[in-house]
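Analysis of the macromolecular model
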Amino acid sequence: MWIDTHCHLDAPEFDALPADAWHAEARALGVSCCVIPAVERANWGAVRALAHRRGDRYALGIHPLCVPRALDEDLDALDAALTAHRDDPHLVAVGEIGLDFFVPALIEPAMRERQTRFYRAQLRLARRHGLPVILHVRRSADALLKGLRERPVAGGIAHAFNGSLQQAQAFTAMGFALGFGGAMSFEPAQQLRRLARELPLESLVLETDAPDIPPQWLYVTAAERAAGRPQGINHPRELPRIGAVLAGLRGLPVDAVAQATSANARRVLPRLNLQADAA
């Protein structure tokens, strides 16, 4: 059985799909659980409701891309939400939080400082509530690691990891697993594929980031989109095929990769081991 450790199932792309049909299809393919990270205060209720309705799990946090429109009091609201739902077995982490130093508007000095302040504040909340974190890592691995050294947390997942071997080792030394998904299905992504092949298997978890980061077989080029071909929508149902890519890179049976990555997910997100009813 597979665990999709990162998918945004509340995204509007899923509104056009038959109600819950894609979820049943993913289950039929062996995807036993999805982790749905929140991105801002406005969608905390939606991700919690989805997780309860479908027997999945969720995380609560403020994504760095949402920091520009977030209010300072949203941090107090996050503390209150984590307190209110502390006994909810569906709640597994604080996330998606982190830093994004790729988007130009976010690396302006004032916004970079605001991102950092929200990141550190959410690390403090994770420590207070004894929860791991799900990290957004985009050109920000060293700064994220610096924050973790200053405010250690109970591990978690470095989502969509695409850093160096040294950065990977630093995250895993702090109790983190590294999220790998559709990006490693592209043959030109040689550094990422090398990491997927050579890092210890116990360091890796699998994710789709649905509906984002489509794997190679769903990707539509800019030219094709301009000609009217729609971008394929990434789904949790793609996770077994993504897992097969990882198995191929490592020369392992697919079942072994499914078992190992799911065990890794349960290790770094311990509340995945709790029983949680669908209702």
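Up top is the structure these notes are about.
Definitions and cut-offs
- Residues numbered from 1 in each chain as written.
- Predicted model: local features only at pLDDT ≥ 70, side-chain atom pairs only at ≥ 80, totals over all residues.
- Heavy atoms only, no water.
- Helix = DSSP H or I, 4+ residues; strand = E, 2+ residues; numbered from the N terminus.
- Rg over C-alpha atoms; globule rule 2.2 N^0.38 Å.
- Buried < 20%, exposed > 50% of the residue type's maximum accessible area, 1.4 Å probe, protein only.
- Contact = heavy atoms within 4.5 Å.
- Areas by Shrake-Rupley, 256 points an atom, 1.4 Å probe, with all protein chains shown as cover.
- Lys, Arg positive; Asp, Glu negative; His and termini not counted.
- Charge placed at Lys NZ, Arg CZ, Asp CG, Glu CD.
- Pairing = 2+ DSSP bridges.
- Axes fitted to C-alpha atoms, helices over the stretch in contact; angles between N-to-C directions.
- Core = buried A, V, L, I, M, F, W, Y, C linked by side-chain atoms within 4.5 Å.
- Salt bridge = Lys/Arg side-chain N within 4 Å of Asp/Glu carboxyl O.
- Disulfide = S-S within 2.5 Å.
- Right-handed = clockwise from strand over helix to strand, strands pointing away.
- Phe/Tyr/Trp six-rings, centres within 6.5 Å; stacked < 30°, edge-to-face > 60°.

Looking only at helices and strands, the protein chain has 10 helices and 8 strands in total. The C-alpha radius of gyration of the protein chain comes to 18 Å, within 12% of the 19 Å expected for a compact globule of 279 residues. Principal axes of the C-alpha set define a box for the protein chain whose edges measure 45 × 40 × 40 Å. In the protein chain, buried positions account for 54% of the 279 residues. A separation of at least 24 residues holds for 72% of the contacts in the protein chain among residues at least 6 apart in sequence. Taken as a whole, the protein chain presents about 12,000 Å² of accessible surface, with 54% of it coming from carbon and sulfur. A gap of 4 Å separates the mean positions of the 31 positive and 31 negative side-chain charges of the protein chain.

Strands pair in a sheet through their backbones, by hydrogen bonds, and they do so in one of two ways: parallel or antiparallel. In spatial order, the strands read β1-β2-β3-β4-β5-β6-β7-β8; together these 8 strands make up an open sheet with parallel pairing. Edge positions in the sheet fall to β1 (2-4) and β8 (204-206), since each of these pairs with one other strand and no more. Within this sheet the neighbouring strands show an average axis-to-axis angle of 30°, counted without direction. One ladder, built from 3 bridges, connects strand β6 (residues 156-159) with strand β7 (residues 176-180); its direction is parallel. Residue Ala 158 lies in a different strand from β7, and its bridge partner there is Leu 178.

Moving on, we get to the nonpolar core. The biggest cluster of nonpolar side chains holds 73 residues, and the ones touching the most others in it are Leu 60, Val 133, Leu 135, Phe 171, Leu 178, Phe 180 and Met 184. In terms of residue count, helix α4 (residues 109-129) provides more of this core than any other element does, 7 residues in total. Phe 180 has contacts with Phe 161, Leu 192, Leu 195, Ala 196, Leu 199, Leu 204, Val 205, Leu 206 and Glu 207, leaving out every residue within four places of it along the chain.

Here we take up the pattern of salt bridges. In the structure shown here, the tally under the stated rule is 14 salt bridges. A salt bridge links Glu 40 to Arg 69; the nearest nitrogen and oxygen atoms lie 2.8 Å apart. With Glu 40 in the loop between β2 (31-37) and α2 (44-54) and Arg 69 in the loop between β3 (57-60) and α3 (73-84), this residue pair connects regions lying 29 residues apart in the sequence. Its salt-bridge partner being Asp 72, residue Arg 114 comes within 3.2 Å of it at the nearest N-O pair. With Arg 114 in helix α4 and Asp 72 in the loop between β3 and α3, this pair connects stretches of sequence that are 42 residues apart. A single network of salt bridges, built from pairs that share partners, joins Arg 120, Lys 146, Glu 150 and Arg 151.

This next bit is on the state of the cysteines. Tallied over the full model, the rule gives 0 disulfides. Unpaired in this structure, Cys 7 has its nearest cysteine sulfur neighbour in Cys 34, at a distance of 3.9 Å. Between Cys 33, a free cysteine, and Cys 34, which holds the nearest cysteine sulfur, the sulfur-to-sulfur gap is 6.5 Å.

So, on to the pairing of strand β5 (residues 133-138). Taking burial as the measure, the 6 residues of β5 include 5 buried ones, the bulk of the element. Strand direction decides the pairing type here: strand β4 (residues 91-100) and β5, joined by 6 bridges, are parallel. For Val 94, the partnering residue across the bridge sits in β5 and is Val 133. Where the polypeptide runs from β4 across α4 and back to β5, its parallel neighbour, the crossover connection is right-handed. Pairing between β5 and β6: 4 bridges, direction parallel. Its bridge partner lying in β6, His 136 is registered against His 159. As for the winding sense of the linkage, the β-α-β connection from β5 through helix α5 (residues 141-150) to β6 is right-handed.

On to the environment of Asp 20. Structurally, Asp 20 can be placed in the loop between β1 and α1 (21-28). On the accessibility criterion, Asp 20 (30% relative accessible area) is partly exposed. Sequence separation between Asp 20 and Pro 230 is 210 residues, and the spatial gap between their C-alpha atoms is 22 Å. Here Asp 20 is in contact with Arg 53 and Arg 54, once residues within four sequence places are set aside.

With that settled, consider the packing of aromatic side chains. Evaluation of the coordinates by the stated rule reveals 3 aromatic pairs. Measuring from centroid to centroid gives 6.1 Å for Phe 161 and Phe 171, while their planes differ by 85°, and the two rings are edge-to-face. Placement of the pair is Phe 161 in the loop between β6 and α6 (165-173) and Phe 171 in helix α6, with a sequence separation of 10 residues. The pair formed by Phe 161 and Phe 171 is uniform in burial state, with each residue classed as buried. Pairing Phe 186 with Tyr 219 gives two aromatic rings, centres 5.6 Å apart and planes at 85°, and the pair type is edge-to-face. Separated by 33 residues along the polypeptide, Phe 186 in the loop between β7 and α7 (190-198) and Tyr 219 in the loop between β8 and α8 (222-226) bring together distant segments of the chain. Taking relative accessible area as the criterion, Phe 186 reaches 21% and is therefore assigned partly exposed.

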